[in-house]
Amino acid sequence: MAVTIQSEPKDYTPSDNPVTWTFSSDQTGQANFYFQVDVRINAVIHSTHKIFVETSNYAHFDASEIARANCSPPTRGQTTEIVDAANYCTVQLVVYEYYGATPSLGAQAQTTTITAFKSSLRKEEFETWDSDDYNLNEAGADKVLSSFPSGINRYVQETGEELYLLTINDSATSILSITLYDEAGSSVASYTDSSVSTNDINLWRVDPDNLVSNTTLTAQNFTDSAHYTVDISISTKGSAQTRIDIDRTCHPLTDRRLYWLDRFGGIESYTFKLRSKISGEVERWKYQQQWGRWNGTTYEYSTSNGEVVNYGSRVQEKIEVSSDWIGQSEQNWLVRSLKPSTSITMIDTDGTWRMNVDGGYTLKEDGLDDLFNEIVQLSYSKVDYAPIV
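Conventions used here
- Residues numbered from 1 in each chain as written.
- Predicted model: local features only at pLDDT ≥ 70, side-chain atom pairs only at ≥ 80, totals over all residues.
- Heavy atoms only, no water.
- Patch = residues over 30% accessible without salt bridge, like charges linked within 9 Å, V, L, I, M, F, W, Y side chains within 5 Å.
- Areas by Shrake-Rupley, 256 points an atom, 1.4 Å probe, with all protein chains shown as cover.
- Salt bridge = Lys/Arg side-chain N within 4 Å of Asp/Glu carboxyl O.
- Helix = DSSP H or I, 4+ residues; strand = E, 2+ residues; numbered from the N terminus.
- Buried < 20%, exposed > 50% of the residue type's maximum accessible area, 1.4 Å probe, protein only.
- Phe/Tyr/Trp six-rings, centres within 6.5 Å; stacked < 30°, edge-to-face > 60°.
- Lys NZ or Arg CZ within 6 Å of the ring centre and 35° of its normal.
- Core = buried A, V, L, I, M, F, W, Y, C linked by side-chain atoms within 4.5 Å.
- Contact = heavy atoms within 4.5 Å.
- 1 Å grid on protein atoms, 1.4 Å probe; cavity = no way out; pocket = protein on both sides within 12 Å on 5 of 7 lines; lining within 4 Å.
- Points joined across faces, edges and corners; volume = space filled by probe spheres on them.
- Nonpolar A, V, L, I, M, F, W, Y, C, P; charged D, E, K, R; others polar.
- Pairing = 2+ DSSP bridges.
- Axes fitted to C-alpha atoms, helices over the stretch in contact; angles between N-to-C directions.

Asks: Hey, could you run me through a nonpolar patch on the surface in this one?
Replies: Residues W291, W294, Y299 and Y301 make up a contiguous nonpolar surface patch of roughly 510 Å² in combined accessible area. Inspection of the secondary structure puts Y301 in the loop between strand 22 (298-300) and strand 23 (308-326). Relative accessible area serves as the criterion here: at 57%, Y301 is assigned to the exposed category.

Structure (structure tokens):
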């Protein structure tokens, strides 16, 4: 008698997509047969499930409902080069077989332990997902966890904006290399840390402000540069390089930078440069009263005494932000990454706000227009109230 694990998720797998194992037994013809599956989260038993044979002598178990509840998104605002993204948990199954007139334990098998991380890929992305492309502890890996298209460059202002990268480092000692270049492509300055301690998945903050605070690079180095590259690697294994252009275009006072949780699990950001405008929707509570009223011993009718009276209201403010003129790849990425996100933060002079995006999106195409201006409407998560009278 034997229980056999037939297939397993990738070593690193998105928590909100299927996290599925298949398994079989050579005793499925026995009376009252069933599998018992123990789910272990971070090496602790989370729950036990009874699973029946589905086809031939096979069955499956999808742990995504458990994984998604035990993985939290990373948080922005770090002041160091790197932090543990803390957006993951380990998952392992122990599969038992039970059968007989009074079902009793037969064989059992343990799966390997995989790491689920907070992410929800589009179905076509999940079909081709291979964590070895992203795990920098594997030879040939060359990707950061992001939906950002490889054909365009990231931008960040020289000061005042944050920029993050999310990588799988598999807790291996890593190398961080940063090189700054001028407009002619000549190297201005560089920095390398060859012994960065990492966790399984890591959040790197790589904007100029934070790099000046945590490396030997200076503010003047960035002033003298047009762009820089960030290379995160593991010796003899994988290497992921990202080019970041320094944005020196003229920004109006009403520009807004948004930060949000991307479907690959990272913190994406984008500056809407052209303009923004705030509006408010007011909901009013009212009552109706008779028009006339007593003034001493005189019953009067006066337009100063209304029939319909507002006694309270609340305001839900919204903001409309507008991008610069952008191309098809950038527009398609922006709306597909930002619009479905349920975790959006906007920073302005009044503070840091949790935002909710409104409406759907349209993917624009070159050939119909040369450049696109994307307008996004968001609602503040706060509601303000007027005094009740």
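Asks: Explanation requested: the packing of aromatic side chains in the structure shown.
Replies: How two aromatic rings sit relative to each other is set out by the distance from centre to centre and by the angle between their planes. Evaluation of the coordinates by the stated rule reveals 19 aromatic pairs. Summarising the aromatic geometry, the rings of W129 and Y134 are spaced 4.7 Å apart at their centres and angled 25 degrees between planes, so their arrangement reads as stacked. For W129, a relative accessible area of 7% translates into the label buried. For Y134, a relative accessible area of 11% gives the class buried. Measuring from centroid to centroid gives 5.8 Å for W260 and W333, while their planes differ by 40 degrees, and the two rings are tilted. Of this pair, W260 sits in strand 18 (residues 256-261) while W333 sits in helix 5 (residues 328-338), placing them 73 residues apart in sequence. Each member of the pair W260 and W333 is classed as buried. Members of the aromatic cluster, each reached through a chain of ring pairs, are F148, W260, Y270, F272 and W333. Positioned over the ring face of F148 is R154, at 4.4 Å from the centre of the ring. Taking the ring centre of W353 as reference, the NZ or CZ of K382 above it sits at 5.2 Å.

Asks: Even after reading the chapter, I still don't get the nonpolar core, so can you show me in this structure?
Replies: For soluble globular proteins, nonpolar side chains are generally found buried alongside one another. Ranked by internal contacts, the top residues of the largest apolar core, which has 26 residues, are L176, I178, W204, Y228 and V230. Contributions of two or more residues to this core are made by strand 13 (174-181), strand 14 (187-196), strand 16 (227-233) and strand 17 (239-247). Excluding residues within four positions of it along the chain, I178 makes contact with A189, S190, Y191, L211, L217, Y228, T229 and V230. V37, I41, C71 and V95 belong to the second-largest nonpolar core, a separate cluster that totals 25 residues.

Asks: Would you mind showing me how to read the layout of surface pockets here?
Replies: Vacant regions in the atomic arrangement are exposed by a probe of water-molecule size rolled over the atoms. Approximately 560 Å³ is the volume attributed to the largest pocket. Considered as a void within the structure, the second largest pocket measures approximately 350 Å³ in volume. Contributing to the lining of the second largest pocket are 21 residues, with N153, Y155, Y270, K273 and E330 lying nearest its centre. Contributing elements (two or more residues each) for the lining of the second largest pocket: strand 11 (154-157), strand 19 (267-272), strand 23 and helix 5. For the lining of the second largest pocket, the leading source of residues is strand 11, giving four residues. Across the lining of the second largest pocket, the residue classes break down as nine nonpolar, five polar and seven charged.

Asks: Even after reading the chapter, I still don't get the sheet that holds strand 3 (residues 20-25), so can you show me in this structure?
Replies: Backbone hydrogen bonds hold the strands of a sheet together, and the pairing may be parallel or antiparallel. Read from one edge of the open sheet, three strands run 1-3-6, paired in antiparallel fashion. Each edge of the open sheet is held by one strand with a lone partner, namely strand 1 (3-7) and strand 6 (58-62). Going across the sheet, the axis of each strand differs from the next one's by a mean of 30 degrees, ignoring polarity. For strand 1 and strand 3, the ladder comprises four bridges, and the chain directions are antiparallel. The partner of T4 across the bridge, within strand 3, is S24.

As far as function goes, none of this settles anything; it's purely spatial.
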